[in-house]
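What the coordinates show
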Amino acid sequence: MKTSKEDFVAYLKQKNLAENTIRAYQMAYQQYEENYGRVSRGNLLKYKDFLMGQYKPKTVNLRLRAINCYLEYEGKEQWKLSLVKIQQKTYLENVISDADYFYLKNCLRQDKEWFWYFVVHYLAATGARVSELVQIKAEHVQVGYLDLYSKGGKMRRIYIPERLRNETLQWLENTGQKSGFLFLNKKGRQISTRGIYGQLKYYAKKYGIPEEVVYPHSFRHRFAKNFLEKYQDIALLADLMGHESIETTRIYLRKTSMEQKSIVDRVVDW
């Protein structure tokens with residue numbers, strides 16, 4: 001690939017991609033460059049065959065999207081690779097339960113871990129992605145929402161529910177913070193998404209909650225599930241989640257495997 005890694009990363013940042021996505025795309029770029037070098041239709045197909053033999057479909061598609069993004073940059077859209085089909089499960093998996101969510105939140109409150117209490121609360125009560133969570137400022141809390149703009153200019157508004165907003169304002173008053181990013185690291189800088197991910201795993205282990213259900217996106221799933229249970233408007237939920245297609249949102253009509261088992265155990269008595 002003739003474009004330097006730095007140039008490609010700069011292009012990805014211009015597209016306003018999330019930090020984790022840029023890192024993943026950078027990894028795919030480097031993998032292709034080290035193993036195949038020159039961009040050609042033949043080399044691209046070899047790379048796809050290699051991925052399909054080594055990784056799960058989800059990972060394959062992530063790396064194919066990265067290469068397709070590079071091809072867009074090079075003006076070679078005609079060489080874009082088709083994604084592999086992923087067999088959709090009939091259930092949601094690794095979604096934190098309501099019981100575990102409230103237990104975690106209560107443990108953090110009792111231990112006066114207010115920073116992480118609000119991280120968890122915001123993820124579950126706003127449906128924000130972790131890359132969006134770290135952009136929330138005290139100013140957004142004061143008005144009750146955060147507006148985000150996609151690379152296509154489309155606006156999405158993340159609402160901060162009144163109860164959470166009031167709690168946060170009290171917290172900010174106690175800490176004396178009046179402006180700036182809500183979630184800062186120990187150095188007073190905007191916390192990284194990786195830092196949030198790692199600390200959530202720490203608290204899962206500390207409080208005896210299965211680690212596989214305690215990660216940032218799990219709380220976004222919880223938001224969607226709870227919203228549909230209380231207000232059955234899937235089109236509105238799609239807008240709140242920032243989904244391009246309502247088909248993406250339909251997954252939240254499904255039950256988790258544990259919910260399915262519970263229903264079967266309760267209903268099937270013949």
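As a reminder, the structure under discussion sits directly above these lines.
Everything in this summary refers to the structure shown in the same document. (Residues numbered from 1 in each chain as written. Predicted model: local features only at pLDDT ≥ 70, side-chain atom pairs only at ≥ 80, totals over all residues. Heavy atoms only, no water.)

Looking at the overall build of the protein
Cut-off, in case you're wondering: In DSSP terms, a helix is any run of H or I states spanning at least four residues, a strand is any run of E spanning at least two, and both are numbered starting from the N terminus. A simple rule labels every residue: compare its accessible area, found with a 1.4 Å probe on the protein chains alone, to the largest value its type can have, and call it buried under 20%, exposed over 50%, or partly exposed in between. Here, two residues are considered to be in contact whenever any of their heavy atoms come within 4.5 Å of each other. With residues, only the protein chains shown are counted as cover, and all accessible areas are computed by Shrake-Rupley using a 1.4 Å probe. In this tally Asp and Glu are treated as negative and Lys and Arg as positive; neither His nor the chain ends contributes. Taken as the charge centre is NZ of Lys, CZ of Arg, CG of Asp or CD of Glu, depending on the residue.
Helix and strand counts for the protein come out as 14 helices and 2 strands. Projected onto its principal axes, the C-alpha positions of the protein cover 60 × 60 × 35 Å. Buried positions account for 41% of the 270 residues belonging to the protein. For the protein, restricting intrachain contacts to residue pairs at least 6 apart in sequence, the fraction spanning at least 24 positions comes to 61%. For the protein, the accessible area works out to roughly 15800 Å², and carbon and sulfur atoms hold 50% of it. Side-chain charges of the protein comprise 45 positive and 30 negative groups, with the mean position of each set lying 3 Å from the other.

Description of the pairing of strand E1 (residues 145-149)
The condition is simple: Note on pairing: DSSP must find at least two bridges between two strands before they are called paired.
Only one face of E1 is buried: it carries Leu 146 and Leu 148, and the other face, with Tyr 145, Asp 147 and Tyr 149, is open. Of the pairings in the sheet, the one linking E1 to strand E2 (residues 155-159) comprises 5 bridges and is antiparallel in character. Each residue of the ladder has a partner; that of Tyr 149, found in E2, is Met 155.

Considerations on the packing of helix H3 (residues 41-54) against helix H4 (residues 57-74)
The cut-off we apply is this: Between the N-to-C directions of two axes lies an angle of 0 to 180 degrees, each axis being a line fitted to C-alpha atoms and, for a helix, fitted only over the stretch in contact. Angular relationships are summarised with four words: roughly parallel below 35 degrees, roughly antiparallel beyond 145, roughly perpendicular across 65 to 115, and oblique for the angles in between. Left-handed is the label given to a crossing in which the near helix is rotated counterclockwise from the far helix by less than a right angle, and right-handed is the label when the rotation is clockwise. Side-chain classes follow a simple rule in which Ala, Val, Leu, Ile, Met, Phe, Trp, Tyr, Cys and Pro form the nonpolar group, Asp, Glu, Lys and Arg form the charged group, and the remainder, Gly included, forms the polar group.
As a packed pair, H3 and H4 sit with axes 9 Å apart at the nearest point and diverge in direction by 160 degrees. Here H4 runs roughly antiparallel to H3, going by the angle between their axes. Seen from above, H3 lies across H4 with right-handed handedness. Listed contacts from H4 to Leu 44, Tyr 47, Lys 48, Leu 51 and Met 52 of H3 are Val 60, Arg 63, Leu 64, Ile 67 and Leu 71. Residues that form the contact of H3 with H4 fall into these classes: 8 nonpolar, no polar and 2 charged.

Comments concerning the nonpolar core
Spelled out, the test is: By nonpolar core we mean a set of buried residues, namely Ala, Val, Leu, Ile, Met, Phe, Trp, Tyr and Cys, connected to one another through side-chain atoms within 4.5 Å.
By size, the foremost hydrophobic cluster in this structure holds 41 residues, and its most contacted members are Leu 104, Tyr 122, Phe 183, Ile 196, Val 214 and Phe 219. When contributions to this core are tallied by element, the ones reaching two or more residues are helix H5 (98-110), helix H6 (114-126), helix H7 (130-133), helix H8 (138-143), E1, helix H9 (162-175) and helix H10 (193-207). Broken down by element, this core gets its largest block of residues, 10 residues, from H6. Excluding residues within four positions of it along the chain, Tyr 122 makes contact with Gly 127, Leu 133, Ile 136, Val 141, Ile 160, Leu 164, Thr 168, Leu 182 and Phe 183.

Side note on the packing of aromatic side chains
Basically, it comes down to this: To pair, rings of Phe, Tyr and Trp, with the six-membered ring standing in for Trp, must have centres within 6.5 Å; the planes then decide the type, stacked if under 30 degrees apart, edge-to-face if over 60, and tilted in the middle. For a Lys NZ or an Arg CZ to count as sitting over a ring, it must be within 6 Å of the ring centre and within 35 degrees of the ring normal.
Under the criterion given, the structure shown has 22 aromatic pairs. Ring plane angle 20 degrees and centroid distance 6.5 Å describe the contact between Tyr 47 and Phe 50, whose orientation is recorded as stacked. Placement of both Tyr 47 and Phe 50 in helix H3 is noted, with a separation of 3 residues, approximately one turn of the helix. With a relative accessible area of 0%, Tyr 47 lands in the buried category. On the accessibility criterion, Phe 50 (29% relative accessible area) is partly exposed. Centre to centre, the rings of Phe 118 and Trp 171 are 4.6 Å apart; their planes meet at 20 degrees, and the pair counts as stacked. One end of the pair, Phe 118, is in helix H6; the other, Trp 171, is in helix H9, with 53 residues separating them in the sequence. In terms of burial, Phe 118 and Trp 171 fall into one category: buried. Every member of this aromatic cluster is reached through a ring pair, and the members are Phe 115, Trp 116, Tyr 122, Phe 183, Tyr 202, Tyr 203 and Tyr 207. Over the ring of Phe 181 we find Lys 137, and its NZ or CZ is 4.9 Å from the ring centre. Over the ring of Tyr 145 we find Arg 157; its NZ or CZ atom is 3.7 Å from the centre of that ring.

Digging into the pattern of salt bridges
Convention followed: Any carboxyl oxygen of Asp or Glu within 4 Å of a side-chain nitrogen of Lys or Arg constitutes a salt bridge here.
In total, this model carries 11 salt bridges according to the counting rule given. The salt bridge partner of Glu 19 is Arg 23, with a shortest N-O separation of 2.8 Å. Taken together, the residues span about one helical turn, with Glu 19 and Arg 23 both in helix H2 (residues 19-36) at a distance of 4 residues. The exposure class assigned to Glu 19 is partly exposed, which follows from its relative accessible area of 39%. Since its relative accessible area comes to 30%, Arg 23 is described here as partly exposed. Because the salt bridges share partners, they merge into one network encompassing Lys 15, Glu 72 and Lys 80.

Let's talk about a nonpolar patch on the surface
Condition: Every patch collects residues that have over 30% relative accessible area and no salt bridge, joining them within 9 Å if they carry like charges and within 5 Å if they are nonpolar side chains (Val, Leu, Ile, Met, Phe, Trp, Tyr).
A cluster of nonpolar residues, Ile 263, Val 264, Val 267, Val 268 and Trp 270, forms a patch on the protein surface that exposes about 510 Å² of accessible area. On the secondary structure map, Ile 263 appears in helix H14 (residues 257-267).

Some thoughts on the side chain of Gln 31
Locating Gln 31 in the fold gives a position in helix H2. A residue is classified by how much of its surface remains accessible, and Gln 31, at 12% relative accessible area, is buried. For Gln 31, the residues in contact, after removing those within four places along its chain, are Tyr 47, Phe 50, Leu 51, Tyr 55 and Arg 63.

Geometry only, nothing functional implied.
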